[in-house]
Amino acid sequence: MKDKRITMLYGILICAILALGIGVFSLAMNNDGKDNKEEKPSTQKISTKTRRPTTSRESEITTSKEVTIPPTTASTSITTSSISTSTVKTTAKTTSKITTKKTTKKTTKSTKKTTKKKTTLPTHTVIPPNAERETTESSTVYPLAQDSIAWDIFDRINRAREKNGLEPVKVAVDLRRLAEEAADYLYDFTDTEVKNYIYGLNNYRRVTNHILTYDQAVLSLYNGTVQNTDIITDKSLRYVGIGVIFRQVGLGDLPTYYYVIIYE
């Protein structure tokens, strides 16, 4: 009886061990199947991801090589041409400015030289001596003429003539006009040229640039006239024409008076 029981126990134990082994084996097999099922999709995903990025990168690289390079070259050429064009324009502008400045300076210098040395004075209208002349007491309209200085010098001349018992002189329209023209020409021409311009008429010419005030101008020009002419002592004189032109001359804008008086 004991042997049978022991045998039965052993049989049950063996069956239990076998059942346990079968269960463990089945569980292991099930786990391997799941792992295989999970690995396949992951492998596909990995391969898909690996292949797709590789393919997309290749396509991107290929696309960038095929599409980007020509525009880059074109843009480079366009940029180069635009830079060269702008450089040419800038160079042209700079050259034109330099050329304009140099040309202007040369032209100005040649104009000044031509005005002072080559241009001849026009011939003035011949004024017959001792003719009856139109006289005036009105202001002049000649450009740049210092009319008030001219009248002050004229008044001083007549006061001095009256003191000497002589008749006063009068301002002749044609002589005044000619004296103003001659005074204006003194700015552009030499004293000898202006002297030849009014040749045949009694006259006194002066250029002074050391006068600073109105009163000094009147007194200096009047005293020069009295010292160099017989205008306050000649009883035969009847008419005068006085021209005073004021200009600022030189780099320092030096005030300069150009003076001509014609008398007969």
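Please refer to the structure placed before this passage.
Cut-offs used in this document
Residues numbered from 1 in each chain as written. Predicted model: local features only at pLDDT ≥ 70, side-chain atom pairs only at ≥ 80, totals over all residues. Heavy atoms only, no water. Helix = DSSP H or I, 4+ residues; strand = E, 2+ residues; numbered from the N terminus. Buried < 20%, exposed > 50% of the residue type's maximum accessible area, 1.4 Å probe, protein only. Areas by Shrake-Rupley, 256 points an atom, 1.4 Å probe, with all protein chains shown as cover. Contact = heavy atoms within 4.5 Å. Patch = residues over 30% accessible without salt bridge, like charges linked within 9 Å, V, L, I, M, F, W, Y side chains within 5 Å. Salt bridge = Lys/Arg side-chain N within 4 Å of Asp/Glu carboxyl O. Expected span 1.5 Å × (residues − 1).

1. Some thoughts on the overall build of the chain
Looking only at helices and strands, one finds five helices and four strands in the chain. Counting every position in the chain, which comprises 264 residues, the buried fraction comes to 26%. Taken as a whole, the chain presents about 18700 Å² of accessible surface, with 58% of it coming from carbon and sulfur.

2. A few points about the side chain of Thr256
Checked against the element boundaries, Thr256 lands in strand S4 (residues 254–263). Judged by its relative accessible area of 3%, Thr256 falls in the buried class. If we ignore the near neighbours within four places in the chain, the residues touching Thr256 are Val207, Thr208, Asn209, Ile245, Phe246, Arg247 and Val249.

3. Focus: a nonpolar patch on the surface
Taken together, Ile6, Tyr10, Leu13, Ile14, Ile17, Leu18 and Ile22 make up a surface patch of nonpolar side chains, about 730 Å² in accessible area. Positionally, Tyr10 belongs in helix H1 (residues 2–118).

4. Remarks on helix H2 (residues 147–163)
An ideal rise of 1.5 Å per residue puts 24 Å on 17 residues; H2 measures up with 25 Å between its terminal C-alpha atoms. What H2 keeps buried is the set Asp147, Ile149, Ala150, Trp151, Ile153, Phe154, Ile157, Asn158, Ala160 and Arg161. At its buried positions, H2 is contacted by strand S1 (170–171), helix H3 (173–185), helix H5 (214–228), strand S3 (239–249) and S4. Taken from the residues just after H2, Gly165 is the one with a positive phi, measuring 75°.

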